[in-house]
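One letter stands for each residue in the lines below.
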Amino acid sequence: MSGGGSANSADNPWPVRTVNTKIADWIHRLGQIWVEGQVTQISRRPGTRTSFLTLRDPAADISISVTCSPDLLARSEVPITDGAHVVMLGRPSYYTGRGTISLRVSDIRPIGVGQLLLRIERLRQLLAAEGLFDARLKRPIPFLPRTIGLISGRASAAQRDVVSVASARWSAVRFDVRDAPVQGPTAVPRIIGHLRELDAHADIDVIIIARGGGSVEDLLPFSDEALLRAVAACSTPVISAIGHEPDNPLLDYVADIRAATPTDAAKRVVPDVEAELAGIAALRRRSAHALRNWVHREDRVIAGLRARPVLADPFTVLDRHNERVDRLRADLRRTLVGRLDTEDRRTEHLAARLATLGPAQTLARGYAVVQRVDTDPPHVLDSVDGLPASARLRIRVGDGSIHADVTSIEPAAYSPLHQHDHSDDHAQEEQ
């Protein structure tokens, strides 16, 4: 930037008037612009040609001075009052004498509820497309939180409702209460600041953002994009407790739980100790009743088992088996005795037959057994063949033995033994 054809330097500084003039030139080049904001501090001075007001940013603590014709305010179809949300057409002006900037407005258009809802709906669609409303991102709240963070208006009905209802349900509940404006241009930055502080606190298990309802314009801070993204970034579960019907601020979609009212939020966060104790008592009664019924049922089963003969008198079965064992033993004894008797008789019969056929009986009938005893060993003679005349014999009869010497040998005229031998020879020859 240059001025007067000379360069700006420490040796050639610009005077203040030159600086302000140059700034005014740059600002004036901006031309006419449309600006959106919230009207505050309206000053109408009778008899003057200029009205003064301040236009604030709804989402930040930033404002700009505005001047306009009093007729412009008077001609507006909707009265321009403090807090009104408007769009203005104006030209920025820089007053070189005081070094201040203002907006000279030529048109003011109030923003209706329909336009606000349309903007909120566009933002809702944008955040939904980014996934900020995804149910899978919702964080569960603890059953019994150690400390509850509460962001609400100072001494507001919403604050009193949350604290009183929660304390009535559980007297030991603890709160970390943070006061913040819940409407207007300073609401969003204050709420975001408290939200980040509570989220960083290790003992805070859940955060409630509460307000007791209001119009669409009043609830605009709770549909602010900066606040919604701050809630989505929290690691601590957040509950939206904005008492409103039927329109929902976008905070309801981003928060982990949406409560219809601050009272409903307190009931969701803090369990009713009396109800829980009553539930525990009921469960104990049901458990005891079920256990008693089970014991009675098992007792009846045991009584039925004990009533059976085998358990009522266990010796009955033993006696019955003992009698059967006695019968089997008697039967076995009779069988063995009979078998022994039969075998004894058979043995006697065989002994009698053996005795009849034995050599003693044969000898008793007059037969004798002749042994030659002069040989080693002695042997029974069954033939006279080859017997010398001097052979010594032992003759056994039924009642003793006789020793004799052979003096002569007389062969028999007919020998069955020899006849048998010849028959064998003939049979072999025939074969």
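Residues numbered from 1 in each chain as written. Predicted model: local features only at pLDDT ≥ 70, side-chain atom pairs only at ≥ 80, totals over all residues. Heavy atoms only, no water.

A.B. asks: What is the right way to read the packing of helix H5 (residues 187–200) against helix H6 (residues 225–232) from this model?
C.D. replies: How two helices pack is summed up by the angle between their axes together with the distance between the axes. Where H5 contacts H6, the two axes come as close as 9 Å, and the packing angle between them is 10°. Accordingly, the angle class assigned to the pair H5 and H6 is roughly parallel. Of H6, the residues touching H5 (which contributes Val-188, Ile-191, Ile-192 and Leu-195) are Ala-226, Leu-227, Ala-230 and Val-231. Counted by class, the contact of H5 with H6 contains eight nonpolar, no polar and no charged residues. (Axes fitted to C-alpha atoms, helices over the stretch in contact; angles between N-to-C directions. Helix = DSSP H or I, 4+ residues; strand = E, 2+ residues; numbered from the N terminus. Parallel < 35°, antiparallel > 145°, perpendicular 65-115°, else oblique. Contact = heavy atoms within 4.5 Å. Nonpolar A, V, L, I, M, F, W, Y, C, P; charged D, E, K, R; others polar.)

A.B. asks: Even after reading the chapter, I still don't get unusual backbone geometry, so can you show me in this structure?
C.D. replies: The general pattern is negative phi for most residues beyond glycine and trans for most peptide bonds. Here the bond from Asp-376 into Pro-377 is cis, since omega is 5°, no more than 30 degrees from zero. Tracing the backbone shows Pro-377 in the loop between strand E11 (369–372) and strand E12 (379–380). We note that Gln-41 has phi near 55°; this positive angle belongs to a residue other than glycine. With respect to the helices and strands, Gln-41 occurs in strand E1 (residues 33–43).

A.B. asks: What is the right way to look at the pairing of strand E8 (residues 204–211) in this model?
C.D. replies: Residues in a regular strand project their side chains so that they alternate between the two faces of the sheet. The buried fraction of E8 is high, at eight of eight residues. The pairing of E8 with strand E9 (residues 238–242) spans five bridges and is parallel. Looking at E9, one finds that Ala-210 is bridged to Ala-241. Of the crossover connections in this fold, the one passing from E8 over H6 to the parallel E9 is right-handed. (Buried < 20%, exposed > 50% of the residue type's maximum accessible area, 1.4 Å probe, protein only. Pairing = 2+ DSSP bridges. Right-handed = clockwise from strand over helix to strand, strands pointing away.)

A.B. asks: Help me out: how do you make sense of the nonpolar core in this one?
C.D. replies: Note that soluble globular proteins tend to have their nonpolar side chains buried in a common cluster. Membership of the largest hydrophobic core comes to 33 residues, with the highest contact counts inside it found for Ile-151, Leu-195, Ile-209, Phe-222 and Val-231. Of all the elements in the fold, those that place two or more residues in this core are helix H3 (113–130), H5, E8, H6, E9 and helix H7 (251–254). The dominant element in this core, judged by the number of residues it contributes, is H5, at five residues. Setting aside its immediate chain neighbours within four residues, Val-231 contacts Arg-139, Leu-195, Ile-209, Val-238, Leu-251, Val-254 and Ala-255. One finds Leu-150, Val-165, Ile-208 and Ala-265 within the second-largest nonpolar core, a separate group that totals 19 residues. (Core = buried A, V, L, I, M, F, W, Y, C linked by side-chain atoms within 4.5 Å.)

A.B. asks: What is the right way to look at the packing of aromatic side chains in this model?
C.D. replies: For any pair of aromatic rings, the description rests on two quantities: the centre-to-centre distance and the angle between the ring planes. What the rule picks out here adds up to one aromatic pair. The ring of Trp-26 carries the charged tip of Arg-29 above its face, separated from the ring centre by 4.3 Å. Its guanidinium or amino end placed over the ring of Tyr-95, Arg-98 lies 5.3 Å from that ring's centre, counting from NZ or CZ. (Phe/Tyr/Trp six-rings, centres within 6.5 Å; stacked < 30°, edge-to-face > 60°. Lys NZ or Arg CZ within 6 Å of the ring centre and 35° of its normal.)

A.B. asks: What exactly am I supposed to notice about H5 here?
C.D. replies: Note on helix geometry: an α-helix contains 3.6 residues per turn, so any two residues three or four positions apart are oriented the same way. Here H5 is 14 residues long and its end C-alpha atoms lie 20 Å apart, about the 20 Å a rise of 1.5 Å per residue gives. Of the residues making up H5, those classed as buried are Ala-187, Val-188, Ile-191, Ile-192, His-194, Leu-195, Leu-198 and Asp-199. All buried residues of H5 lie within an arc of 170° about the axis, which places them on one face of the element. For H5, exposure combined with an orientation more than 90 degrees from the buried face picks out Arg-196 and Ala-200. Lining the buried residues of H5 we find strand E6 (147–152), strand E7 (175–179), E8, H6 and E9. (Expected span 1.5 Å × (residues − 1). Arc of directions from axis to C-beta.)

Don't take any of this as a statement about function, it's just geometry.
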